[in-house]
Amino acid sequence: MRAFTLIEMILRGVSAIVLVAINAVLFSGLHLREVTRPRWMKHAPGPALTILRRDLQCAVPPETQRRFDRRFQGGM
């Protein structure tokens, strides 16, 4: 019968502590996401999607009929 060495026991203890810490961070992050998601969904998508839609419509000149070709020139 083989017994565990002291180094093995220390490594198992350290790995257990690390896993408990990772578990706590993961579940607190999941909880925070569940709490903040309804608030964010209520306020953010409307204005953000409107701004994104406008920016994407302005990115392509009307004469290209919404496809990029060699005539499209960007610049500041």
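As the structure is a computational prediction, the values presented were derived from the model and not from experiment. (Residues numbered from 1 in each chain as written. Predicted model: local features only at pLDDT ≥ 70, side-chain atom pairs only at ≥ 80, totals over all residues. Heavy atoms only, no water.)

A short note on the pattern of salt bridges
Here comes step 1: As enumerated under the stated definition, the model contains three salt bridges in all.
Here comes step 2: For E8, the salt bridge identified is with R2, shortest N-O distance 3.8 Å.
Here comes step 3: The exposure class assigned to R2 is exposed, which follows from its relative accessible area of 68%.
Here comes step 4: A salt bridge links D55 to R54, with the shortest nitrogen-to-oxygen separation between them at 3.7 Å.
Here comes step 5: Judged by its relative accessible area of 41%, D55 falls in the partly exposed class. (Salt bridge = Lys/Arg side-chain N within 4 Å of Asp/Glu carboxyl O. Buried < 20%, exposed > 50% of the residue type's maximum accessible area, 1.4 Å probe, protein only.)

With respect to the environment of R33
Here comes step 1: As for its placement among the helices and strands, R33 is situated in helix α1 (residues 6-43).
Here comes step 2: Polar side-chain contacts of R33 include one of 3.3 Å to the side chain of E34. (Helix = DSSP H or I, 4+ residues; strand = E, 2+ residues; numbered from the N terminus. Polar contact = N/O pair within 3.5 Å; in protein donor to acceptor, adjacent residues only side chain to side chain.)

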